[in-house]
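Residue-level structure breakdown
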Amino acid sequence: MRMRKKPNLLPRMERVSALRITEPERFRGRWLETFPEYGALHLELGCGKGRFTAETAAASPDTLLLAVERVPDAMVVAMERVAAQDVRNVRFLDMDAAALPEIFSPGETARIYLNFCDPWPKNRYAKNRLTAPGFLRLYADALPPGGQVWFKTDNLPLFTWSETQFVAEGWQISERTNDLHAQGICGVMTDYEAKFHAQGVKINRLVATRTAETKRASADGAPPRLRNAALSDAKGLADRKIQQEQEGG
C-alpha cells in the first residue's frame, strides 16, 4: 500500500533534520568512534513509521540504532515519533541495502532487523528480496561472527523461502516460530504488525546467526542464480513444512 504524499514534507523533515545522516559513508569504520557514548551498533532495514524503531531504541539506550527508510513520507513520521518520545540513540539513513559495504566496515554492526520487507513474489524479482542470498552475504560482511539478523514477516511463503536461503548460506537458525504472539504479545511490534495481529494474522519470526561457515560477499563472491523462486512455488514448500511439523507432533 502506497503512503499518501505529504504536502508539508520538506518543512517537517527540516524540523527533525538533526536525526538524519545524509552522508553515512563518511562514518564507515568509525561509527562507534564518532558516537562513543554507545557500546554497540544495530541496523534496521525499512523502519516504516518508526514504532518498532522508537520502542526498540528506548529499551536499549546504550545501543546506537541506525534506521533505514527509502520512503520520505514514512521516514518523517518515524523521525517525528522518535523526537516526540525523546529517544536519543537513533539516527535515520536514506540508502539502499545494496550500499551496506560503502557504509559499514566488516563486522561493524552487531545486529540487523528485517521487519515485514517487500516479498517481491515473482521469480524475476526474487533477487530484490532482502533475504535473497545476495543481501545475506552483504549482511554477513557487516556483522561479526555471532552477529545476528532478526527477521519477521506475516508472509509464510516468504518466510519459508527465506529460511531456506539462510540455511543454504551457512547461517544458524534459532528462535524460529510461525506464530510469534500465540501466547501473548512478544517483543516490540511494528505498526503493520500490530494491525495484522489485531486481524488474527500469524507472525513468523526467526533469528539467524552468522557462523564461521556463513558465506560472505567479500570472501565467497556472487551468490548462485536464483531459480524457481516465485513465492507461488514457495507456498507449496511452506504447506509441506507445516504438515511435516504437525505430523512430527
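Right above here is the structure, for reference.
Report on the accompanying structure. Computed from a predicted model, the values in this text were never measured in an experiment. (Residues numbered from 1 in each chain as written. Predicted model: local features only at pLDDT ≥ 70, side-chain atom pairs only at ≥ 80, totals over all residues. Heavy atoms only, no water.)

Where burial is concerned, most of helix α6 (residues 133–142) is hidden: nine out of the ten residues are buried. Residues P133, F135, L136, R137, L138, Y139, A140, D141 and A142 constitute the buried set of α6. Contact partners of the buried residues in α6: β1 (40–45), α5 (100–103), β4 (111–115), β5 (148–153), α7 (156–168) and α9 (217–220). (Buried < 20%, exposed > 50% of the residue type's maximum accessible area, 1.4 Å probe, protein only. Helix = DSSP H or I, 4+ residues; strand = E, 2+ residues; numbered from the N terminus. Contact = heavy atoms within 4.5 Å.)

A word on the layout of surface pockets. Within this model, the second largest pocket holds a volume of roughly 260 Å³. Every residue lining the second largest pocket is counted, 18 residues in all, and those nearest its centre are F52, Y113, W150, G187 and V188. When residues of the lining of the second largest pocket are traced back to their parent elements, those giving at least two are α3 (51–59), β4 and β5. Within the lining of the second largest pocket, the residues separate by chemical class into eight nonpolar, six polar and four charged. (1 Å grid on protein atoms, 1.4 Å probe; cavity = no way out; pocket = protein on both sides within 12 Å on 5 of 7 lines; lining within 4 Å. Points joined across faces, edges and corners; volume = space filled by probe spheres on them. Nonpolar A, V, L, I, M, F, W, Y, C, P; charged D, E, K, R; others polar.)

All right, on to empty space enclosed by the protein then. Counted by the stated rule, this structure contains one cavity of 30 Å³ or more. The space that makes up the largest cavity amounts to roughly 30 Å³. What lines the largest cavity is H42, T56, A57, S60, T63, L65 and N89. Of all the elements in the fold, those that place two or more residues in the lining of the largest cavity are α3 and β2 (63–68).

What follows concerns the sheet that holds strand β3 (residues 90–93). Overall, mixed pairing links the seven strands, which are arranged β3-β2-β1-β4-β5-β7-β6 in an open sheet. If you trace the sheet from one side to the other, it starts and ends with β3 and β6 (172–177), each paired once. Adjacent strand axes in the sheet meet at a mean angle of 20° when their direction is disregarded. Pairing of β2 with β3, which is carried by four bridges, proceeds in the parallel orientation. (Pairing = 2+ DSSP bridges. Axes fitted to C-alpha atoms, helices over the stretch in contact; angles between N-to-C directions.)

The subject of this paragraph is the pattern of salt bridges. Opposite charge on two side chains allows them to pair when their charged atoms are near. In the structure shown here, the tally under the stated rule is 13 salt bridges. Measuring nitrogen to oxygen at the nearest pair gives 3.3 Å for the salt bridge that ties R26 to E23. When the shortest N-O distance is used, the salt bridge between K152 and E193 registers 2.7 Å. Linking K152 in strand β5 with E193 in helix α8 (residues 191–198), this pair joins segments that are 41 residues apart in sequence. Here K152 and E193 have matching classes, each one buried. Taken together, the shared-partner salt bridges connect R20, R70, D94 and D96 into one network. (Salt bridge = Lys/Arg side-chain N within 4 Å of Asp/Glu carboxyl O.)

This paragraph deals with the side chain of Q165. The residue Q165 is located in helix α7 in this model. Those residues in contact with Q165, other than ones at most four positions away along the chain, are T131, P133, L136 and L226.

What follows is about the packing of aromatic side chains. For the structure on display, the rule yields twelve aromatic pairs. Aromatic pair F52 and Y113: ring centres 5.0 Å apart, planes at 75°, arrangement edge-to-face. One end of the pair, F52, is in helix α3; the other, Y113, is in strand β4, and 61 residues separate them in sequence. Side by side, F52 and Y113 carry an identical accessibility label, which is buried. Aromatic pair Y113 and W150: ring centres 5.6 Å apart, planes at 85°, arrangement edge-to-face. Separated by 37 residues along the polypeptide, Y113 in strand β4 and W150 in strand β5 bring together distant segments of the chain. Taking the relative accessible area as the measure of exposure, W150 reaches 23% and is therefore partly exposed. An aromatic cluster of at least three residues, connected via ring pairs, comprises F27, W31, F35 and F104. Its guanidinium or amino end placed over the ring of W161, R129 lies 4.5 Å from that ring's centre, counting from NZ or CZ. One cation-aromatic arrangement involves R205 over W150; the distance from NZ or CZ to the ring centre is 4.8 Å. (Phe/Tyr/Trp six-rings, centres within 6.5 Å; stacked < 30°, edge-to-face > 60°. Lys NZ or Arg CZ within 6 Å of the ring centre and 35° of its normal.)

Remember that the coordinates give geometry; whether it matters functionally is a separate question.
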